[in-house]
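Results of the structural survey
Here is how the chains run, residue by residue.
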Amino acid sequence: MVLAMMPKIGLSIPIEFVSADMKHSNVTNVAFNLHQELNFFDKLIDLSNDPLIGLKIGRIYHLEAYGMFGLALLTSETLKSSFTLLEKYGFLTYSFFSFKTVYEGDTCTFKMTPSVLKLPDKLQVFYSDRDISAFILLIESLTKDKAYYTKATLVHDGQGVKQDYIDYFGCEVIFNAPYNSLSFTLNYVDEELPLHHLDAHNSCVDKCKLLASQMVQTGGLVESVRHELTLKPGYLNDLESVASKLNMSNRTLRRKLTQNGTSCLLYTSPSPRD
């Protein structure tokens, strides 16, 4: 999806990403996708030499990228109710952030707190920017208008281009915060959304509940694999490395993932870098 959408937001595709492996990879399991994603964005950050690359990539993640959960958000009654849905089912987006809405006086602040996964600093910054940018795009999709917020906070130091971030958000920006956030007026988040549809919304939420229940039942092992693959992106060469860390054989891990409906094919990752 990212490769296909990059030209549409004015980003050229580096020739390094048009290899046979990239074009023909067709593995759909969660562990593989995360492994590939981390290595992909690690390379993209270096090749782009653009401190705002995360903000730009965030504009790719339209509502349809979130499947049934995206439809549930789209048919929400208000931004406030969509924020509540994000708090409850935000893990369906596979974000590395947890979500919480805080109300103080006439202000609503949507907070995005980083996970404890040990990503390299540049990837932490990238995902911070990507996800808050995607959140802004989400608001624009729900309201069919520009997103109106009064303040933003970011978990990083601005990468030496603080003014560029201030210009991007168009409001007060606080850096080195414990979480990403956007603040809104209560009146704004209480306005009825143009595509609100109660029956469709309830149907979508019911399907999200079922999906979430299935993930809880089978996702423990998959999340463990995701965690191991995240600790050192680009350093795990095959499933045996993960199986060893989870104290089981390669065959046992493959069998368990298959039972959970997760394919076990893993591509060979790049050699460790100095």
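Residues numbered from 1 in each chain as written. Predicted model: local features only at pLDDT ≥ 70, side-chain atom pairs only at ≥ 80, totals over all residues. Heavy atoms only, no water.

It is worth spelling out helix α6 (residues 79-89) at this point. By the burial criterion, the buried members of α6 are Leu79, Ser82, Phe83, Leu85, Leu86 and Tyr89. Considered in projection along α6, the buried side chains sweep an arc of 160° and stay on one side of the axis. (Buried < 20%, exposed > 50% of the residue type's maximum accessible area, 1.4 Å probe, protein only. Helix = DSSP H or I, 4+ residues; strand = E, 2+ residues; numbered from the N terminus. Arc of directions from axis to C-beta.)

In this model, the protein carries an average pLDDT of 80, and 68% of its residues clear a pLDDT of 70 or more. A low-confidence stretch, residues 20-32 stays under pLDDT 50, and its non-local contacts, those more than four residues away or across chains, total 24 contacts. Throughout residues 263-274 the model reports pLDDT below 50, and contacts reaching past four residues in sequence, or to other chains, amount to 32 contacts. (pLDDT = per-residue confidence, 0-100. Contact = heavy atoms within 4.5 Å.)

Taken together, the eight bridges between strand β1 (residues 97-104) and strand β2 (residues 107-114) define a ladder with antiparallel strand orientation. The residue of β2 that forms the bridge with Phe99 is Met112. Counted along the chain from β1 to the antiparallel partner β2, the turn is two residues long, and its residue Gly105 has a positive phi close to 60°. (Pairing = 2+ DSSP bridges.)

For the pair helix α5 (residues 67-74) and α6, interaxial distance at closest approach is 9 Å and the crossing angle is 155°. It follows that α5 is roughly antiparallel to α6 by the angle criterion. For the element pair α5 and α6, the recorded crossing hand is right-handed. Seen from α5, the contacting residues are Phe69, Ala72 and Leu73; seen from α6, they are Ser82, Leu85, Leu86 and Tyr89. Counted by class, the contact of α5 with α6 contains six nonpolar, one polar and no charged residues. (Axes fitted to C-alpha atoms, helices over the stretch in contact; angles between N-to-C directions. Parallel < 35°, antiparallel > 145°, perpendicular 65-115°, else oblique. Left-handed = near helix turned anticlockwise from the far one by under 90°. Nonpolar A, V, L, I, M, F, W, Y, C, P; charged D, E, K, R; others polar.)

The biggest cluster of nonpolar side chains holds 59 residues, and the ones touching the most others in it are Phe135, Phe169 and Phe184. At 10 residues, helix α7 (residues 121-143) tops the list of elements feeding residues into this core. Beyond its immediate sequence surroundings of up to four residues, Phe184 is in contact with Phe83, Asp106, Thr107, Cys108, Phe110, Phe135, Ile139, Tyr148, Tyr149, Thr150 and Val189. (Core = buried A, V, L, I, M, F, W, Y, C linked by side-chain atoms within 4.5 Å.)

Counted by the stated rule, this structure contains 17 aromatic pairs. With a centroid separation of 6.1 Å and an interplanar angle of 80°, the aromatic rings of Tyr165 and Phe175 are classed as edge-to-face. Of this pair, Tyr165 sits in helix α8 (residues 162-169) while Phe175 sits in the loop between β4 (172-174) and β5 (180-185); the two residues are 10 residues apart in sequence, bridging distant segments of the chain. There is no split in this pair, since Tyr165 and Phe175 are both buried. Among the aromatic residues, those joined into a cluster by ring pairs are Phe83, Phe99, Phe110, Phe135, Tyr148, Tyr149, Tyr168, Phe169, Phe184 and Tyr188. Residue placement shows Arg130 over the ring face of Tyr61; its charged tip is 4.9 Å from the ring centre. (Phe/Tyr/Trp six-rings, centres within 6.5 Å; stacked < 30°, edge-to-face > 60°. Lys NZ or Arg CZ within 6 Å of the ring centre and 35° of its normal.)

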